[in-house]
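The chain contents come next:
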Amino acid sequence: MTVVLKLGGSVITEKDEPETVDRAALSAAVSAIAESAVGDDIVLVHGGGSFGHHHAAEYGVSTTAGTHDVAGVQAIHGAMCRLNDAVVDALTEQGVPAVPVHPFSAATRDADGDLSLPTGQVTTLLEEGFVPVLHGDLVAHAGAGATVLSGDELVVELAPAVDADRVGVCSTVSGVLDEDGAVVDSIESFEAVAAALGGSDATDVSGGMAGKVRALLALSAPAVVFGPDALPAFLAGESPGTTIAGDGGD
Ligand SMILES: Nc1ncnc2c1ncn2[C@@H]1O[C@H](COP(=O)(O)OP(=O)(O)OP(=O)(O)O)[C@@H](O)[C@H]1O
Ligand SMILES: C=C(C)CCOP(=O)(O)O
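Residues numbered from 1 in each chain as written. Chains lettered and ligands numbered in written order. Predicted model: local features only at pLDDT ≥ 70, side-chain atom pairs only at ≥ 80, totals over all residues. Heavy atoms only, no water.

Where an unreviewed UniProt entry is consulted, the protein chain appears under the name Isopentenyl phosphate kinase, with the organism given as Haloarcula terrestris. In its Catalytic activity (unreviewed entry) section, the UniProt entry covering the protein chain states "isopentenyl phosphate + ATP = isopentenyl diphosphate + ADP". Regarding the protein chain, the relevant UniProt record gives this comment under Sequence similarities (unreviewed entry): "Belongs to the isopentenyl phosphate kinase family." (UniProt positions renumbered as here; feature names shortened; annotations may be inferred.)

Spelled out as structure tokens, the structure:
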């Protein structure tokens, strides 16, 4: 059984403190992964948290607004590489055969914003017993310079590429919340929950929960959005939080 799991940047970092890892939260997430029966058949993605989003906001870069500023590109991509190092190190310490994969080196967006992400290295690493660890990053964008590539977009590209049986998105909230703050069990269309969906309560250039739901609806496989406490349950095969039943973008 192949799993694609995104660890939200808001989970593994202190999102309001620039470039600060939340060591306790990262270690708890890594323990859940190391101890799960899924074993090495997992592709990990992590988000930006206080590493990518602060720099991206400073340079005015988002998933649609690009930059040609070399200093900006180096600051944003560099910060994401530092966070990726911390995540890979934490996984290695707990015996997970984690290896880094940096999307900026491989992905492109065309002038219409459509993303191309080569995945041959990810599928081969997986077959060879490694756990690839990708991250939200920048992406070369025709006509715009470089734009932000969110971890949620990566999940959508990776799940079909590795023929994932399960897709999980672990964020700080226990699921997608309705207007009364209750967790919505399942979502089949953006319109049904649009009124309750906001951005993020921290600095976030990729759209917060609204961006996440929109991205995950494009998947043909269901994706589960849940909070950190529910990570062991998700890895054990349960569907805590909210299940987003995509239609493949139709
Ligand atoms: N209806 C909603 N239900 C749940 N969360 C919501 C809702 N509307 C807005 N949000 C916000 O979306 C946030 C989750 O999105 P965010 O992009 O911050 O998470 P993440 O993926 O964990 O972090 P990162 O983008 O750094 O990887 C929540 O913390 C909350 O502030
Ligand atoms: C801000 C950057 C560079 C990455 C954003 O990834 P996300 O946190 O998954 O949306």
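Right, let's get into the UniProt feature "binding site: ATP" (unreviewed entry) in the protein chain. According to UniProt, the positions carrying the feature "binding site: ATP" (unreviewed entry) are Lys6, Leu7, Gly8, Gly9, Ser10, Gly49, Gly208 and Lys212. The named residues occupy 207 residues along the chain; their greatest pairwise C-alpha distance, 14.2 Å, places them in one compact cluster. Its location among the elements puts Leu7 in strand β1 (residues 3-7). A relative accessible area of 2% means that Leu7 is categorised as buried. Aside from chain neighbours lying at most four places away, what touches Leu7 is Ile12, Ala29, Ile33, Val45, His46, Gly47, Cys170 and Leu231. When neighbours within four sequence positions are excluded, Ser10 is seen to be in contact with Lys15, Gly49, Ser171 and Thr172. (Helix = DSSP H or I, 4+ residues; strand = E, 2+ residues; numbered from the N terminus. Buried < 20%, exposed > 50% of the residue type's maximum accessible area, 1.4 Å probe, protein only. Contact = heavy atoms within 4.5 Å.)

Let us look at the environment of Phe130. Its place among the elements puts Phe130 in the loop between α5 (120-127) and β6 (131-135). The spatial distance from the C-alpha of Phe130 to the C-alpha of Ala98 is 6.0 Å, given a sequence separation of 32 residues. Apart from the residues lying within four places of it in its own chain, the contact partners of Phe130 are Asp40, Pro97, Val99 and Leu125.

Looking now at the UniProt feature "binding site: substrate" (unreviewed entry) in the protein chain. UniProt records the feature "binding site: substrate" (unreviewed entry) for Gly48, His53 and Gly151 in the present numbering. Taking the farthest pair of C-alpha atoms as the criterion, the annotated set spanning 104 residues converges on one region, since that pair is 12.0 Å apart. Mapped onto the secondary structure, Gly48 falls in the loop between β2 (42-46) and α3 (49-58). On the accessibility criterion, Gly48 (9% relative accessible area) is buried. Contacts of Gly48, omitting those with residues within four sequence positions, involve Gly9, His53, Met80 and Leu83. Relative to the helices and strands, Gly151 resides in helix α6 (residues 151-161). Contact partners of Gly151, with chain neighbours within four places excluded, come to Lys6, Val45 and Gly136.

Lining the immediate environment of ligand 2, one finds 14 residues, of which Lys6, Gly48, His53, Gly151 and Ser206 sit closest. Take Gly48: an N or O atom from its main chain is 2.8 Å from an oxygen atom of ligand 2. Measuring from an oxygen atom of ligand 2, one finds a backbone N or O atom of Gly151 at 2.7 Å. When ligand 2 sits alone it has 330 Å² of accessible area, and the protein chains cover 98% of it. (Near = heavy atom within 4 Å. Polar contact = N/O pair within 3.5 Å; in protein donor to acceptor, adjacent residues only side chain to side chain. Areas by Shrake-Rupley, 256 points an atom, 1.4 Å probe, with all protein chains shown as cover.)

The next point concerns the pattern of salt bridges. Per the counting criterion, the structure on display carries four salt bridges. With its nearest N and O atoms 3.0 Å apart, the salt bridge here joins Lys6 to Asp152. With Lys6 in strand β1 and Asp152 in helix α6, the pair connects residues that are 146 residues apart, well separated along the chain. Overall, the relative accessible area of 4% leaves Asp152 in the buried class. Put simply, Lys212 and Asp152 hold a salt bridge, and the shortest N to O gap is 3.2 Å. Here Lys212, found in helix α8 (residues 208-216), pairs with Asp152, found in helix α6; they are 60 residues apart in sequence, far enough to count as distant. Assigned by exposure class, Lys212 and Asp152 land together as buried. Salt bridges sharing common partners tie together Lys6, Asp152 and Lys212. (Salt bridge = Lys/Arg side-chain N within 4 Å of Asp/Glu carboxyl O.)

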